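# Fold and geometry: a report
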Amino acid sequence: PSVVICSAASCKLYNMTITYSYATDEGSAILVSSGKLTVVNCFIKSMGGNGVKVRRGGNLEFFANRMEDCRGVSVNLDGYVHAEIRYNDIMSSRGAGIQFIDNSNPMIDGNKIARGKSSAVVSAIRGLGVIKNNELLLNKNAGVEIRSGADPVVEQNKIVQNQVGVLCTESSKGKLIDNIISGSKNAGIFASMQSTLESMGNQINGEDKATGILVIDGSHVDVKNFEIQSLRHSLVISSASRVNLTDCRMFHHKGDTVLVRGEGSSLYAERNEIFGNSYLGIKVLESAYARINENKIYFNGGTGLHVGPDCSGVMQKNEIHDNGAVDVKIEAHERRFTVS
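Residues numbered from 1 in each chain as written. Predicted model: local features only at pLDDT ≥ 70, side-chain atom pairs only at ≥ 80, totals over all residues. Heavy atoms only, no water.

This paragraph deals with the pairing of strand 38 (residues 289-293). Looking at chain direction, strand 35 (residues 266-270) and strand 38 are connected through 5 bridges and run parallel. Directly across from S266, in strand 38, lies its bridge partner Y289. Of the strand pairs in this sheet, strand 38 and strand 41 (residues 312-316) are connected by 5 bridges, and their pairing is parallel. Across the sheet, the residue bridging to I292 is M315, located in strand 41. (Pairing = 2+ DSSP bridges. Helix = DSSP H or I, 4+ residues; strand = E, 2+ residues; numbered from the N terminus.)

In structure tokens, the structure reads:
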């Protein structure tokens, strides 16, 4: 059941209050079964099911609305949906604030999505879309969750005090551009299960028990022009994962700044500045590989660069000085790790 059902070529709702009071997970306050629906300046609440549900191939324009306390997903888009979702407040959802799947390609712009019991925005099962200029605050899971082969663009958002800022998992991809990710409880960016991210120009800061970027399970992340500060770790790479780290600044962390560990894991670090951290600058352990070129590593409380036994790689043209312990500690065999 639904309060409003749209199946015409074009329907419009303006300045309405729509409350769905059935205690069921199957229904929705508004259902677009086909055609196009425009919703402007409405208040929508769903005590059961979704707030707005758009079935496969539908079209949604959703502007300047307020949604509260939806039991399911607040805005739920099936496959191949075209949608513009702009300037809405979506508060306290039990499911995701906005979820889209299967080649849906929405523009999600200028919304505030806060205090949800799940993730603010979920792109799943080959979902595409642009997620831009939103405030994603205080959600129990991720600010943005990318899973099951999805590939969205996430740009210029404020992603604040979520469990994870951006989660990319299950062989997904994505582009992260010029976001501010602050106060995440676990990690600012978390890539797992063979996922791939291109990321540039982002800022990450906040919790001193959190990690800025965590990359595991054979994932690959390009990190360019970041500023990462005031966390436990700036970057952790493990489980045969790879990170290209270029032109970043990392400072004021409580633990080891960059940690790469495990056979098959690799770090390619070039022209980064790592300074003013409590412990090590870069630490390479457990048969990992590192190529470390033209970095500045200074004024850290521990060793500037530590390369453990059985690791491999190369370092050249770095400036490493004034660290609290030794500046460079190489335990790997000189044939496996080259210094020049």
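Next, the rest of the story.
A positive phi angle is found at R126, which is not glycine, with a value near 70°. Along the chain, R126 turns up in the loop between strand 16 (121-124) and strand 17 (130-132). The phi dihedral of D217 is positive, around 60°, even though this residue is not glycine. Here D217 lies in the loop between strand 28 (211-215) and strand 29 (220-224). Judged by its relative accessible area of 33%, D217 falls in the partly exposed class. (Buried < 20%, exposed > 50% of the residue type's maximum accessible area, 1.4 Å probe, protein only.)

This part covers the environment of I180. Looking at where I180 falls in the secondary structure, it is placed in strand 24 (residues 180-182). For the pair I180 and D310, spaced 130 residues apart in sequence, the C-alpha to C-alpha distance is 37 Å. Each residue touching I180, except ones within four places of it in the same chain, is listed here: N157, K158, I159 and Q203. (Contact = heavy atoms within 4.5 Å.)

Let's shift gears to the environment of G255. Inspection of the secondary structure puts G255 in the loop between strand 33 (249-251) and strand 34 (258-261). Through-space distance from the C-alpha of G255 to that of E135 is 29 Å; in sequence the pair is 120 residues apart.

With that out of the way, let us pick up the environment of V81. Tracing the chain through its elements places V81 in the loop between strand 10 (75-77) and strand 11 (82-86). With a relative accessible area of 3%, V81 lands in the buried category. For the pair V81 and F100, spaced 19 residues apart in sequence, the C-alpha to C-alpha distance is 8.3 Å. Contact partners of V81, with chain neighbours within four places excluded, come to V54, R55, G57, G58, S104 and N105.

Without other data, these values stay purely geometric and don't point to any function.
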